Amino acid sequence: MKFLGIEIPLKHTPALDPGYIPMAVFAREFLKLANKPIAIAVQRNDGLTAVYDTKITGTNKEADQYYVDRCVKFLLWAKGGFFVTICGDDDIAAHIKAAYSQGGTRAFDAAFMARVYEQPFAVKALSLSDKPAVREKSRPVGGNLRGCRIGFDAGGSDRKVSAVIDGEAVYSEEVVWHPKINPDPQYHFDGIVSAMKTAASKMPRVDAIGVSSAGIYIDNRTMVASLFLKVPQDKFDAQVKDIYKRAAAEIGAELPLNVVNDGDVTALAGAMELEDTAVLGIAMGTSEAGGFVDEDGNITGWLNELAFAPVDAAPSAMQDEWSGDIGCGVKYFSQDGVIKLAGHAGIALDESAAPGEKLKVVQDLLAAGDARAVQVFESIGVYLGHTLPYYHEFYGFRHVLLLGRVMSGEGGNLILAGAKKVLAEEYPACTFNVHVPDEKSRRVGQSVAAASL
């Protein structure tokens, strides 16, 4: 198989997606032909800057442009940023600038990042000698188990809260709510405050509050979150951005508060369970959520929105309806990926059913021994085995923690086995460990981790 003039050697391909081209393999084979050094710098809030040193061929223009486009895309969704600098090739810089301009192929990404960081998106060219310096600032969270602490987990279908005293959950509750369909931010605020007050009532005092919530949070402010999907933008700006700060103030005016993306909290819970650091957490459910705890056991402030990071170079890759891009993780490592492959396998699903219901149909078929369902989860295992080395190139983790409804039951076993086989036979140099926690440690660990923020 060839793509953009690059030979793509594969020992393992997904049975239900034979045209799949792993980004890890494309990048590896491309770099064998590349000898012109360049650097990509991506700046986010507070001047924090990630720098990725790489190479291009300088002769295969189409492949060079594609490779850098995918690197920029990955860096933006993994680490975040609103200001991209391409160092060492002005033509490539011009190509990226056009792509991230209004009407360009990456206009969605540019607009999204501008919203998150409240800054206009920009692309600049520099010489390689003038490339920006790396500037990162991770912060320690978690492990703060002394005293009386509230841990709040804001889910899309239920909210969980725990009262934790010296590391022990003395009270926990789950309450069904419907944040994604409610346009009134007062509904969300009242639910959050009610949960926190309930937990507070179970302890003699409250020393701190930790919040785990899906979305992007900067300085405890809500920048983008699916929980508030139906809230109009004007009300979002006025009442949602500081919703957790306002809720915490209802419990105590000066209480320490940490609001952290739920993916990072999952990775933190994994790090606490494994008693190690450098952990990437991946949750395969409604979407693909990510979180990362670095070598020092800290969270980085990176976005870790792996659902929108590229994993497949095939021109026929499935399109994500939200961003308009193709080949991104959400269509491979979520219930959308299961549904896609079920269609390829000839499994008929009720189009009117919710995605979660469709996933359950395929899981039930697997439990009944349906060979088509086996192929679905085995194919995801091949996807994952090829994708983790690509993630590792940008993260450098020692451990990967796999969670979510797609990983439950026998399907998760097939995914894990398939991924490990691909890793062993195609990426023998990769020495990181892949883990699937049991349900009990996942549930309790998440609660304690949130309270320990």
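Residues numbered from 1 in each chain as written. Predicted model: local features only at pLDDT ≥ 70, side-chain atom pairs only at ≥ 80, totals over all residues. Heavy atoms only, no water.

Chemist: Account for the sheet that holds strand S14 (residues 279–284), naming residues and giving values.
Modeler: One open sheet accounts for four strands, arranged S15-S14-S16-S17; its pairing is mixed. The sheet is open, and its two borders are formed by strand S15 (288–293) and strand S17 (433–435), each paired with just one other strand. Here the average twist between neighbouring strands, direction ignored, is 20°. Sheet topology places strand S16 (residues 399–403) next to S17; three bridges connect them, and they run parallel. The residue bridging valine 400 from the neighbouring strand is valine 434, located in S17. Packing of helix H8 (residues 262–274) onto the sheet brings it into contact with S14, S15, S16 and S17, and relative to S15 it is tilted by some 50°. (Pairing = 2+ DSSP bridges. Helix = DSSP H or I, 4+ residues; strand = E, 2+ residues; numbered from the N terminus. Axes fitted to C-alpha atoms, helices over the stretch in contact; angles between N-to-C directions. Contact = heavy atoms within 4.5 Å.)

Chemist: Residue-level account of the pattern of salt bridges, with values.
Modeler: The final tally for this structure, using the stated rule, is 24 salt bridges. Two residues, aspartate 53 and lysine 131, come together in a salt bridge whose shortest N-O distance is 2.5 Å. Taken together, the residues span a long stretch of sequence, with aspartate 53 in strand S4 (residues 49–56) and lysine 131 in the loop between strand S6 (122–126) and strand S7 (148–154) at a distance of 78 residues. Residue classification places aspartate 53 among the partly exposed residues on the basis of a relative accessible area of 47%. Using a relative accessible area of 34% as the deciding quantity, one classes lysine 131 as partly exposed. Between aspartate 336 and lysine 331 there is a salt bridge, with the nearest N and O atoms lying 3.1 Å from each other. By relative accessible area, which is 23% here, aspartate 336 ends up partly exposed. For lysine 331, a relative accessible area of 3% corresponds to the buried category. Each member of the salt-bridge network shares a partner with another, and the members are Asp69, Arg70, Lys73, Arg106, Asp109 and Asp325. (Salt bridge = Lys/Arg side-chain N within 4 Å of Asp/Glu carboxyl O. Buried < 20%, exposed > 50% of the residue type's maximum accessible area, 1.4 Å probe, protein only.)

Chemist: Explain the pairing of S16 to me, and be specific about the residues and the numbers.
Modeler: Counting buried positions over the five residues of S16 gives five, a clear majority of the element. Here S16 shows two buried faces, one formed by His399, Leu401 and Leu403 and the other by Val400 and Leu402. Inspection of the sheet shows S14 paired to S16 by five bridges, in the parallel sense. By the bridge assignment for S16, isoleucine 282 is matched with leucine 402. With helix H12 (residues 409–426) bridging S16 and the parallel S17, this β-α-β connection has right-handed handedness. (Right-handed = clockwise from strand over helix to strand, strands pointing away.)

Chemist: Describe in detail the side chain of asparagine 304, supporting the description with residues and values.
Modeler: Note on placement: asparagine 304 falls in the loop between S15 and helix H9 (335–345). By relative accessible area, asparagine 304 is classed as buried at 1%. Those residues in contact with asparagine 304, other than ones at most four positions away along the chain, are Trp77, Ala78, Asp264, Gly290, Gly291, Phe292 and Tyr395.

Chemist: Lay out the packing of aromatic side chains in plain terms, naming residues and giving numbers.
Modeler: Following the criterion strictly, the structure yields 30 aromatic pairs and no others. With 5.5 Å between their ring centres and 65° between their planes, phenylalanine 3 and phenylalanine 26 make a pair best called edge-to-face. Taken as a pair, phenylalanine 3 in strand S1 (residues 2–3) and phenylalanine 26 in helix H1 (residues 23–32) lie far apart in primary sequence, 23 residues in all. Between phenylalanine 333 and tyrosine 383 the ring centres are 6.4 Å apart and the planes differ by 85°, which places this aromatic pair in the edge-to-face class. Pair noted here: phenylalanine 333 is in the loop between S15 and H9 and tyrosine 383 is in helix H11 (residues 371–395), with a separation of 50 residues, a long-range link. In this pair, the class of phenylalanine 333 matches that of tyrosine 383, namely buried. (Phe/Tyr/Trp six-rings, centres within 6.5 Å; stacked < 30°, edge-to-face > 60°.)

Chemist: Give me the layout of surface pockets: which residues, what numbers.
Modeler: Counted as a void, the second largest pocket has a volume near 500 Å³. Together, 23 residues line the second largest pocket, and Arg139, Tyr217, Ile218, Asp219 and Gly301 are the ones closest to its centre. At the level of elements, strand S11 (216–218) and strand S13 (257–261) are the ones that each hand at least two residues to the lining of the second largest pocket. With four residues, the top contributor of residues to the lining of the second largest pocket is S13. Across the lining of the second largest pocket, the residue classes break down as nine nonpolar, eight polar and six charged. (1 Å grid on protein atoms, 1.4 Å probe; cavity = no way out; pocket = protein on both sides within 12 Å on 5 of 7 lines; lining within 4 Å. Points joined across faces, edges and corners; volume = space filled by probe spheres on them. Nonpolar A, V, L, I, M, F, W, Y, C, P; charged D, E, K, R; others polar.)

Chemist: Any details on the pairing of strand S12 (residues 221–224)? Residues and values, ideally.
Modeler: Pairing of S11 with S12, which is carried by three bridges, proceeds in the antiparallel orientation. Each bridged residue has a counterpart across the sheet, and for isoleucine 218 the counterpart in S12 is arginine 221. Linking two consecutive strands that pair antiparallel, namely S11 and S12, is a turn of two residues; a positive phi of about 55° is found at aspartate 219 within it.

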